[in-house]
Amino acid sequence: MSLLYLLDLIGTAAFAASGAWAGIRRRMDLLGVLVLGVVTATGGGTLRDILLGDVPPFSFKDETYLYISIAVSLVVFFWHRRMEFIQHPLLYFDAVGLGTFVVIGTSKALAFETGFLVAVVLGVMTATAGGVIRDVLSNQVPLILRKEVYASACIAGAVLLVLLHRLDAPPTLAALSAAVVVIAVRLLAIHFNWALPRAKE
Amino acid sequence: MSLLYLLDLIGTAAFAASGAWAGIRRRMDLLGVLVLGVVTATGGGTLRDILLGDVPPFSFKDETYLYISIAVSLVVFFWHRRMEFIQHPLLYFDAVGLGTFVVIGTSKALAFETGFLVAVVLGVMTATAGGVIRDVLSNQVPLILRKEVYASACIAGAVLLVLLHRLDAPPTLAALSAAVVVIAVRLLAIHFNWALPRAKE
Amino acid sequence: MSLLYLLDLIGTAAFAASGAWAGIRRRMDLLGVLVLGVVTATGGGTLRDILLGDVPPFSFKDETYLYISIAVSLVVFFWHRRMEFIQHPLLYFDAVGLGTFVVIGTSKALAFETGFLVAVVLGVMTATAGGVIRDVLSNQVPLILRKEVYASACIAGAVLLVLLHRLDAPPTLAALSAAVVVIAVRLLAIHFNWALPRAKE
């Protein structure tokens, strides 16, 4: 099992946990919590694959992603009150998932020979669209559209990866640099409470 | 015309009626009622076909589904006040549609040789995703995520169908058993007001 | 550069501006405004292409659409207070975009040899689905489902185009007639404040 695959599964578990928790906060039933967990973890990559025409999507070809998402969501559903202590460490796993998803999504777009901008869009979408679907299903304006640097961290990493790819940098080095940038920006943003400018009314 | 096709059309009409009624309750105009009717009736199968890569989807290849959905939505729009008496029987047609859609969706996934879990997910999605899209367009948290055994009936039927398929049961018998399970669980759930457990806050 | 392509880009810019403005009214941050602008401008055609199985979609094959949408959204984000004067003229550009998108979507469906109804649905979807996604992401019931003749103008134009196509009318004449009908109905609807009937509760 490659390191990238392992990181991918860690990210999937972290995203599923955040989705399941959102379902619990919205007072959903067991099924709602499962759906939010699965959709948050696999929705971004699935939408990317639909747009690239690579269907059935990754989440259907390797059922590991679905099994992990469902298992994590069940754990969160039944033991979430004993698991408050995990909320803070979860932010770190979530950041790892963010970096990994951006690298996987951008690399896949480049392998499909999309243009510069589309590769960046698909990298960011892989990491963020699951959360957008989670928020839409929860009947809320998606968090990333309102006040997070979340997506900006992804954009920075995706742009760096496409640039390094154009410069023929070694793929592993490029992927690692991009992931580190995403994770670093994300954690710094949490630490310093950064936010993007908002339009003045 | 096969029995399955006939049941499929009955389910389409019942789902379209429920979608159109949702539009009326939300005070939408004629177009909104039509869109909700069509989307509720055909959205689940269409999403399934997109995910399986079988596009154009069933709803575009055989326009009968669109014509029936539009006709039913028009009838509901113009005569809904004289049709209150149909609300109760509609629950039974809706249950028939639910069972039929689960069988069609799961069988199609199996024909595409997806894994166990994906076949169940696609069977449930075929029967429920139209209602999810209806609720999202109505700006509400999807009903099935909050308090219905609706989806659980679908899961039970889809799991049974995949198991019988694995055991090489005769396809017609397997399909019939799965549909009966979905319909029975659904009607019992309505009768006894069953609900899934909800997370304790 | 053909006239149709030029009109397509004008429509894209107008739709992106309306999406970006919606993001500003909802107090989104820079990223949210960009996403709403891009999605409003390219979402309809992208959904059409997914449903037709023509992926990657037009918006990924020719990045001009993305660059224009992003540029317009940035301009609206930073200078929207100095641009109130453009709100009224924007309605005209928006109507041009509406007519162009209907013609492009319906023609593409006919080229894929869909049925009559599907061609109309895809023409209307090309022009309106971006706005629907914009409203869903803004956590609002889509405007076109509630009180606009917006979609009716599109339906009229799409039906006319399919009919003229069936009658073997010259393609350019058919496209022009359909676009003019959409634009005229749309502008008349704004001027006379037309609305579709709503269901009586």
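Residues numbered from 1 in each chain as written. Chains lettered and ligands numbered in written order. Predicted model: local features only at pLDDT ≥ 70, side-chain atom pairs only at ≥ 80, totals over all residues. Heavy atoms only, no water.

- An unreviewed UniProt entry lists chain A under the name Trimeric intracellular cation channel family protein, with Geoalkalibacter halelectricus given as the organism.
- Within the UniProt record for chain A, the comment given under Subcellular location (unreviewed entry) is "Cell membrane".
- In its Sequence similarities (unreviewed entry) section, UniProt records this for chain A: "Belongs to the UPF0126 family." (UniProt positions renumbered as here; feature names shortened; annotations may be inferred.)

Structural notes on the nonpolar core
Then, number 1: Core analysis: the largest hydrophobic core is formed by 166 residues, its most contacted members being Leu122 of chain A, Leu122 of chain B together with Leu122 of chain C.
Then, number 2: Residue contacts for Leu122 of chain B: discarding those within four places in its chain leaves Phe60 of chain A together with Arg48, Leu51, Leu52, Gly105 and Ala109 of chain B.
Then, number 3: Of all hydrophobic cores here, the second largest spans 8 residues; its members include Ala174, Ala175, Ala178 and Ala179 of chain B. (Core = buried A, V, L, I, M, F, W, Y, C linked by side-chain atoms within 4.5 Å. Buried < 20%, exposed > 50% of the residue type's maximum accessible area, 1.4 Å probe, protein only. Contact = heavy atoms within 4.5 Å.)

Some thoughts on the interface of chain C and chain B
Then, number 1: Between chain C and chain B, the contact holds 28 residues from the first and 29 residues from the second.
Then, number 2: For the pair chain C and chain B, the summed buried area comes to about 2,500 Å², and 68% of that belongs to carbon and sulfur atoms.
Then, number 3: Counting the contacts that link chain C with chain B gives 0 salt bridges.
Then, number 4: Where chain C meets chain B, there are 4 residue pairs in polar contact (both at pLDDT 80 or more).
Then, number 5: Of all the secondary-structure elements, those providing two or more residues to the side of chain C that touches chain B are α2 (30-52), α6 (116-137) and α7 (150-166) of chain C.
Then, number 6: If one sorts the elements of the side of chain C that touches chain B by residue count, α6 of chain C sits on top with 6 residues.
Then, number 7: Its residues assigned to classes, the side of chain C that touches chain B comprises 18 nonpolar, 4 polar and 6 charged. (Buried area = accessible area lost by both parts, 1.4 Å probe. Salt bridge = Lys/Arg side-chain N within 4 Å of Asp/Glu carboxyl O. Polar contact = N/O pair within 3.5 Å; in protein donor to acceptor, adjacent residues only side chain to side chain. Helix = DSSP H or I, 4+ residues; strand = E, 2+ residues; numbered from the N terminus. Nonpolar A, V, L, I, M, F, W, Y, C, P; charged D, E, K, R; others polar.)

A short note on the interface of chain A and chain B
When the parts come together, some accessible area is lost, and that loss is often what is quoted as the size of the interface.
Then, number 1: Between chain A and chain B, the contact holds 29 residues from the first and 28 residues from the second.
Then, number 2: When the two sides are added together, the surface that chain A and chain B hide from each other amounts to roughly 2,500 Å², 68% of it contributed by carbon and sulfur.
Then, number 3: Inspection of the chain A/chain B interface yields 0 salt bridges.
Then, number 4: Remark: the boundary between chain A and chain B carries 4 residue pairs in polar contact (both at pLDDT 80 or more).
Then, number 5: Sort the elements by how many residues they give to the side of chain A that touches chain B and helix α2 (residues 30-52) of chain A lands first, with 7 residues.
Then, number 6: Taken together, the residues that form the side of chain A that touches chain B break down as 17 nonpolar, 6 polar and 6 charged.

What about the UniProt feature "domain: Glycine transporter" (unreviewed entry) in chain A?
Then, number 1: Mapped onto this structure's residue numbering, the UniProt feature "domain: Glycine transporter" (unreviewed entry) falls at residues 6-80 and 92-166 of chain A.
Then, number 2: Between the C-alpha atoms that bound residues 6-80 of chain A there is a distance of 24 Å. The span itself is 84% helix and 0% strand.

A word on the relation of the copies chain A and chain B
Then, number 1: Note on the identical chains: chain A maps onto chain B by a rotation of 120° and an axial translation of 0.0 Å, with an RMSD of 0.0 Å. Both chain copies can therefore be described as sitting about a three-fold axis. When each C-alpha of chain A is compared by its distance to the rotation axis, Asn139 of chain A comes out closest, at 3.8 Å.
Then, number 2: Interface overlap between copies is the fraction of interface residues in one copy that are interface residues in the other; for chain A against chain B it is only 10%, indicating separate surfaces. (Least-squares fit on C-alpha atoms with pLDDT ≥ 70 in both.)

Re unusual backbone geometry
Then, number 1: Here the residue pair Val55 of chain A and Pro56 of chain A is connected by a cis peptide bond, since its omega of -5° sits within 30 degrees of zero.
Then, number 2: The topology assignment puts Pro56 of chain A in the loop between α2 and α3 (58-61).
Then, number 3: Even without glycine at this site, Asp168 of chain A takes up a positive phi of about 60°.
Then, number 4: With respect to the helices, strands and loops of the structure, Asp168 of chain A is situated in the loop between α7 (150-166) and α8 (171-192).
Then, number 5: Even without being glycine, Arg27 of chain B reaches a positive phi, approximately 60°.
Then, number 6: Here Arg27 of chain B is to be found in the loop between α1 (3-25) and α2 (30-52).
Then, number 7: You can call Arg27 of chain B partly exposed: its relative accessible area is 38%.

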